[in-house]
Amino acid sequence: MNLKQLEAFVQVAEGGSFSKAAKELYLTQPTISAHIASLEKELGVRLFVRNTKEVGLSDDGKDMYKYARQIVDLEKKIEERFGSKEDGEKHCITIAASTIPAQYLLPKVLIRFNEKYPNEQIKIIETDSAKVVTQIIDHMADVGFTGTVLEKKHCKYMPFYKDELVIVTPNTEKYRRFQEESPEDIQWLLKEHVIMREEGSGTRKEARKQLKKAGINPLDLDIIASIENQETIKKSVRQGMGVSVLSRLATKDETRDGYLLAFPIPRADEGRDINLVYNKNYQLSGSAERFIKVVKEVYQVKKI
């Protein structure tokens, strides 16, 4: 077993492709295949489950990935500490982020980070909050961003932004009357068709909590659709399919332009935390530590 084999294994595991791994490592695809075959033969296990469309980790492969990623990360830390990288070569940070931070909060951080550290590269994986946490636990991402707290055993959470959830409706006379007559009463929600974000979404999890606190049992809602893409949800609401609960950040343009109405959720306090998360069982790379420092600077976080 050697580092080249482990690097090839990690690249295939993360990219789900032998050809992508070859491109990342500047090797040929047969070389990558040979590294994997040698590693599987030496370990006596099958590391990948292959079919015509994709390459996935086997159960043994998932266990092996955790060890291999640690070794590859340690190699990078040694290179970073002792300057064994060639001048001008860029470091890479892998960031997993749920929809709201990825689309509305990260851009400002990325601009500042690039200004301060032009030799750093960033890879963004946009997914739901549950999968972000899985990526962090399995050490497939260095840093994550979530709209809710899902697991604390392995994860360290740093709240850095307060986000408000709102009930969004079409801008029609019916809903304008609700706003004018009793803006604090949202019991009408129980008589509406509701479109929710997908299971695993931090927005959906927090919406359940806040609605329950406001006196609305989420089990009593008439949920007619669960949709991953929030742009699709907003268009569906505009066209009268139903109402939804979304981040105010995600709906500010539509409400400003008069396409949607936004109702605050009573007793929601200051809103929900958007969190930066990392695996506390692994030593952060210098690049990841610098990135976290920039997040704290941009959003004026005083402490973790």
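This is a predicted model, so every value here is computed, not measured.

Thresholds, definitions, all that
Residues numbered from 1 in each chain as written. Predicted model: local features only at pLDDT ≥ 70, side-chain atom pairs only at ≥ 80, totals over all residues. Heavy atoms only, no water. Phe/Tyr/Trp six-rings, centres within 6.5 Å; stacked < 30°, edge-to-face > 60°. Helix = DSSP H or I, 4+ residues; strand = E, 2+ residues; numbered from the N terminus. Buried < 20%, exposed > 50% of the residue type's maximum accessible area, 1.4 Å probe, protein only. Lys NZ or Arg CZ within 6 Å of the ring centre and 35° of its normal. Salt bridge = Lys/Arg side-chain N within 4 Å of Asp/Glu carboxyl O. 1 Å grid on protein atoms, 1.4 Å probe; cavity = no way out; pocket = protein on both sides within 12 Å on 5 of 7 lines; lining within 4 Å. Points joined across faces, edges and corners; volume = space filled by probe spheres on them. Nonpolar A, V, L, I, M, F, W, Y, C, P; charged D, E, K, R; others polar. Pairing = 2+ DSSP bridges. Axes fitted to C-alpha atoms, helices over the stretch in contact; angles between N-to-C directions. Contact = heavy atoms within 4.5 Å. Patch = residues over 30% accessible without salt bridge, like charges linked within 9 Å, V, L, I, M, F, W, Y side chains within 5 Å. Areas by Shrake-Rupley, 256 points an atom, 1.4 Å probe, with all protein chains shown as cover. Parallel < 35°, antiparallel > 145°, perpendicular 65-115°, else oblique. Left-handed = near helix turned anticlockwise from the far one by under 90°.

A. Focus on the packing of aromatic side chains. Tallied over the entire structure, the rule returns 12 aromatic pairs. Arranged with centres 6.2 Å apart and planes meeting at 80°, the rings of Phe-145 and Phe-291 form a pair that is edge-to-face. Of this pair, Phe-145 sits in strand S5 (residues 143-146) while Phe-291 is found in helix H11 (residues 286-298), placing the two residues 146 residues apart along the sequence. Just as Phe-145 is buried, Phe-291 falls in that class too. The ring centre of Tyr-259 lies 3.9 Å from the NZ or CZ of Arg-238, which sits over that ring. Here Arg-290 stacks its cationic end above the ring of Tyr-117, 5.7 Å away from the centre of that ring.

B. Representation of the pattern of salt bridges within the structure. Per the stated rule, a full pass over the model turns up 19 salt bridges. The closest approach of N and O atoms between Lys-209 and Glu-206, which form a salt bridge, is 3.3 Å. Of this pair, Lys-209 and Glu-206 are both found in helix H8 (residues 202-213), 3 residues apart, which corresponds to roughly one turn of the helix. Note on Glu-206: relative accessible area 9%, which makes it buried. Between Asp-253 and Arg-256 there is a salt bridge; the shortest N-O distance is 3.3 Å.

C. Structural context of unusual backbone geometry. The residue Tyr-26 is not glycine, and still its phi comes out positive at about 60°. A positive phi is found at Arg-267, a non-glycine position, where the angle reads about 60°.

D. Quick look at empty space enclosed by the protein. One pass over the structure, following the stated rule, counts 1 cavity of 30 Å³ or more. Approximately 60 Å³ is the volume found for the largest cavity. Lining the largest cavity are 13 residues, with Ser-98, Thr-99, Ser-129, Gly-202 and Thr-203 positioned closest to its centre. Counting residues per element, the ones that place at least two in the lining of the largest cavity are helix H5 (99-116) and H8. At 3 residues, H5 tops the list of elements feeding residues into the lining of the largest cavity. In the lining of the largest cavity, the residues fall into 2 nonpolar, 8 polar and 3 charged.

E. How the structure looks around the sheet that holds S5. Spatial strand order, S4-S3-S5-S12-S6: 5 strands in an open sheet with mixed pairing. A single partner strand is all that each edge strand has here, and the edge strands are strand S4 (120-126) and strand S6 (155-163). Averaged over all pairs of adjacent strands, the angle between strand axes in this sheet comes to 25°, irrespective of strand direction. Bridging between strand S3 (residues 91-97) and S5 involves 3 bridges; their strand directions are parallel. Opposite Ala-96, over in S5, you have Gly-144 as the bridge partner. Along the sheet, H5 contacts S3, S4, S5, S6 and strand S12 (272-279); its crossing angle with S4, the most-contacted strand, is approximately 175°. Sheet strands in contact with H11 are S3, S4, S5, S6 and S12, and its direction is about 55° off that of S3.

F. Region of interest: a nonpolar patch on the surface. A grouping of Leu-74, Ile-78 and Phe-82 is seen on the molecular surface, where their side chains present a nonpolar patch of about 340 Å² in accessible area. Looking at the secondary structure, you find Phe-82 in helix H4 (residues 59-82). Its relative accessible area of 61% is what places Phe-82 among the exposed residues.

G. Fine view of the sheet that holds strand S11 (residues 260-264). Taken in spatial order, the 5 strands of this open sheet run S9-S8-S10-S7-S11, and their pairing is mixed. Here the strands that pair on one side only, and so sit at the sheet edges, are strand S9 (222-227) and S11. Put simply, the sheet's adjacent strands are angled 35° from each other on average, direction ignored. With 5 bridges connecting them, strand S7 (residues 165-170) and S11 associate as antiparallel partners.

H. Structural view of the packing of H5 against H11. Interhelical geometry of H5 versus H11 gives an angle of 120° and a closest axis separation of 9 Å. Comparing the axis directions of H5 and H11 gives the class oblique. Pair H5 / H11 crosses with right-handed handedness. Seen from H5, the contacting residues are Leu-106, Lys-108, Val-109, Leu-110, Arg-112, Phe-113 and Lys-116; seen from H11, they are Ser-287, Arg-290, Phe-291, Val-294, Val-295, Glu-297 and Val-298. Considered class by class, the residues forming the contact of H5 with H11 number 8 nonpolar, 1 polar and 5 charged.

By themselves, these observations are geometric and do not establish any function.
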